[in-house]
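Structural features, examined
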Amino acid sequence: MERVAITGMGLVSPFGTGVAAFRAGLLTGRPVRERLTFQGADRLLVPYGAPVPDFDAEAHFDAETLARSDRFSQFALVAGAEALAMAGARAAPHGAGAIIGTAGGGLSTTDAAFRAVYDEGRARVSPWTVPRLMAGAAAAQLSLAHGLTGPSFAVSSACASGNHALALAAQMVRSGAAPLMLAGGADAMLTFGGIKAWEGLRVLSPDFCRPFGPDRNGFVMAEGAGVFVLEPLSAARARGATVLAEIAGTALTADAHDLTAPSAAGAAAAMRAALRDAGIEPGAVDLISAHGTATRANDLAEAEAIAALFVPDRDSGHDSGHDSGHDSGPRVMATKSLHGHAMGASPAFEAAAAILALTEGLVPATAGVPAPALDCPIRLATRTETGADIRTCLSPSFAFGGLSAALVLTRPA
Amino acid sequence: MATVEPAILSAVASVIAAASGRPAEGLGADTLIEDLPLDSMALVEALFTLEERFDVTIPFQVADAGQGGGIATLGDLARQIGALRPVPGSAV
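Residues numbered from 1 in each chain as written. Chains lettered and ligands numbered in written order. Predicted model: local features only at pLDDT ≥ 70, side-chain atom pairs only at ≥ 80, totals over all residues. Heavy atoms only, no water.

A closer look at the overall build of chain A
Note the threshold: Only DSSP runs of H or I covering at least 4 residues are called helices, and only runs of E covering at least 2 are called strands; the numbering of each starts at the N terminus. Restricting the calculation to C-alpha atoms gives the radius of gyration, and the globule rule supplies 2.2 Å times the number of residues raised to the power 0.38. Exposure is judged per residue with a 1.4 Å probe applied to protein chains only, and the accessible area is read against the type maximum: over 50% gives exposed, under 20% gives buried, and values in between give partly exposed. The contact criterion used is simple: two residues touch if any of their non-hydrogen atoms lie within 4.5 Å. Accessibility throughout is a Shrake-Rupley quantity obtained with a 1.4 Å probe, and a residue counts as covered only by protein chains that appear here. Positive: Lys, Arg. Negative: Asp, Glu. His and the chain ends are not part of the count. Throughout, a charge is located at the NZ atom of Lys, the CZ atom of Arg, the CG atom of Asp or the CD atom of Glu.
Looking only at helices and strands, chain A has 14 helices and 14 strands in total. Scaling as 2.2 N^0.38, a compact globule of 413 residues should have a C-alpha radius of gyration of about 22 Å, and chain A matches this with 20 Å. Put simply, chain A has 413 residues, and 59% of those count as buried. Sequence-distant contacts, at least 24 apart, represent 78% of the contacts inside chain A between residues at least 6 apart. In the structure as shown, chain A presents an accessible area of about 15300 Å², 53% of it carried by carbon and sulfur atoms. The average position of the 30 basic charges and that of the 38 acidic charges among the side chains of chain A differ by 2 Å.

Here is the structure:
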């Protein structure tokens, strides 16, 4: 069994392109949210989102890649190139692969093709429609770009997709099934049809994403990609690579409870299983990079799960009111308050935030939440810290369908 | 066999020329598609452009495009488009 190191990361986020932009965005503490202006945006009930700013696809790609790739694949390609450059892996070893989680796949392409045939009455669509929209396209594009001949495919578990990809890739590296994996999430759902679908669920905030806050009212839809390089810790050390973090444990679980309603028991089970896999006691967890979508139900269930797992004696005494649980257990950061909810890419953003916490002690404040809600008894980060001593971070994701994936990230000893 | 309509051949030559980076003057009915510096992607794009221009569906499969899509010469392509095109009263 190999220990699994993360040696590179690449990000395309609502803060901009690159890890440096992401880090600056977390530090600045200003939530990204703007009025959307694409065709039909005036017919949206919630015409706001957190798009990737100034993404110049033509500056990144040749004409062939531009014609054959959807925006979500382009995000993954840019993030993947940054991750591999950071890892310093000059050539991916034979048998390396790519697993990219995505909730919507090439939805920009689907949306445009549907518009052409339904709305504009066109008889045909581009021959590249399917190669662009297929869910596995981002993984395929990464394979083509970097000569990856190992396990390469998409996984899809709605908003946990990126974590399922990372967990699965980590398990492959751990078992020796692959010598190196690119893994993460990518989504580009800020399209007319994409937002209309989410409007139907009534989970989009009319203003800002305030996870665990008393006045939370949903999330701001975002887009982007995060891709990481995973390889055996021994191999990383042998080639003198900088190790950003170790994936010490993973868990893939399902609630088997409800299609859309979250389950506190299910969330706790996912986190507990990841810790057990890592061989780490709950008391050793310094920080949780929360799922924190700012929907009333998710945050309630997530907070209840955190309290149950990390403050087990909370309910044993009398009800002590507001402070119950708010000052005990690990710190909880909720970065969706800043970068919004990039669907399948969100877990990758939250893993990246975890890595920045492990490597430089950056724990950003939860934007718009001066204090957590009474019904969320967790130790929420409400002021930005740099230089915090974070050695172990749990990063869970809880998706519709009751599909969960959790990672335990550590600073390797 | 149907003759090649000059207008269609001219359009085919100009689209293929743009796709392959060759001047259209050097291209004719006998030009073999496999002799042109066209990769599968450029050929697919060119065929799609011609489909849009003439409102026809050329029988080719994207996955076969590397083998020329079953069309040998530019003349063959122009003839195929001419035959597919809905031209009322055409006696050609």
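Let us keep going from here.
Considerations on unusual backbone geometry
Positive phi values are uncommon outside glycine, yet phenylalanine 212 of chain A reaches one of about 65°. Residue placement: phenylalanine 212 of chain A occurs in the loop between helix H9 (192–200) and strand E8 (224–232).

A short note on the pairing of strand E9 (residues 245–254) of chain A
Residue and element names in this part refer to chain A. Condition: A pair of strands is labelled paired if DSSP reports no fewer than 2 bridges between them.
Summarising burial for E9: seven of the ten residues are buried, a large majority. With three bridges joining them, strand E1 (residues 4–13) and E9 adopt antiparallel strand pairing. Bridge pairing in E9 links valine 4 to isoleucine 247. Of the strand pairs in this sheet, E9 and strand E14 (residues 403–410) are connected by eight bridges, and their pairing is antiparallel. Its bridge partner lying in E14, glycine 249 is registered against valine 408.

Let's talk about the environment of aspartate 375 of chain A
All names here are of chain A. Its place among the elements puts aspartate 375 in the loop between helix H14 (346–360) and strand E12 (379–380). Judged by its relative accessible area of 30%, aspartate 375 is partly exposed. Residues aspartate 375 and glutamate 304, spaced 71 residues apart in sequence, show a C-alpha to C-alpha distance of 8.4 Å. Dropping the residues within four chain positions of it, aspartate 375 is found in contact with Arg216, Arg296, Leu300 and Ala303.

Some points on the nonpolar core
All names here are of chain A. Note the cut-off: Here, nonpolar core means buried Ala, Val, Leu, Ile, Met, Phe, Trp, Tyr and Cys residues that are tied together by side-chain atoms lying within 4.5 Å of each other. Here the limits of each domain have been adopted from an automatic or database domain assignment.
Membership of the largest hydrophobic core comes to 70 residues, with the highest contact counts inside it found for Phe22, Trp198, Met221, Phe228 and Leu230. Structurally, this core is a two-domain feature, drawing no fewer than three residues from each of domain 1 (4–238) and domain 2 (248–410). Those residues within four positions of methionine 221 in sequence are excluded, and the remaining contacts are Gly49, Ala50, Met189, Leu190, Gly194, Ile195, Trp198, Leu204, His341 and Met343. Formed by 31 residues, the second largest nonpolar core is a distinct cluster that contains Ala248, Ile280, Ala290 and Ile306.

Considering the domain arrangement of chain A
Residue and element names in this part refer to chain A. The line we're drawing: Defined here as a combined quantity, buried area equals the accessible surface (1.4 Å probe) lost by two parts on assembly, summed across both. When a carboxyl oxygen of Asp or Glu lies within 4 Å of a side-chain nitrogen of Lys or Arg, that pair is called a salt bridge.
Segmenting chain A into domains produces domain 1 (4–238) and domain 2 (248–410). The distance between the C-alpha centroids of domain 1 and domain 2 comes to 22 Å. Of the residues lining the interface, 57 residues belong to domain 1; the matching set on domain 2 comes to 64 residues. Summed over both partners, the interface of domain 1 with domain 2 comes to about 4500 Å²; 72% of that surface belongs to carbon and sulfur atoms. Seen at the junction of domain 1 and domain 2, the total is four salt bridges. Of the charged contacts in the structure, one is a salt bridge between arginine 216 and aspartate 299, with a shortest N-O distance of 3.9 Å.

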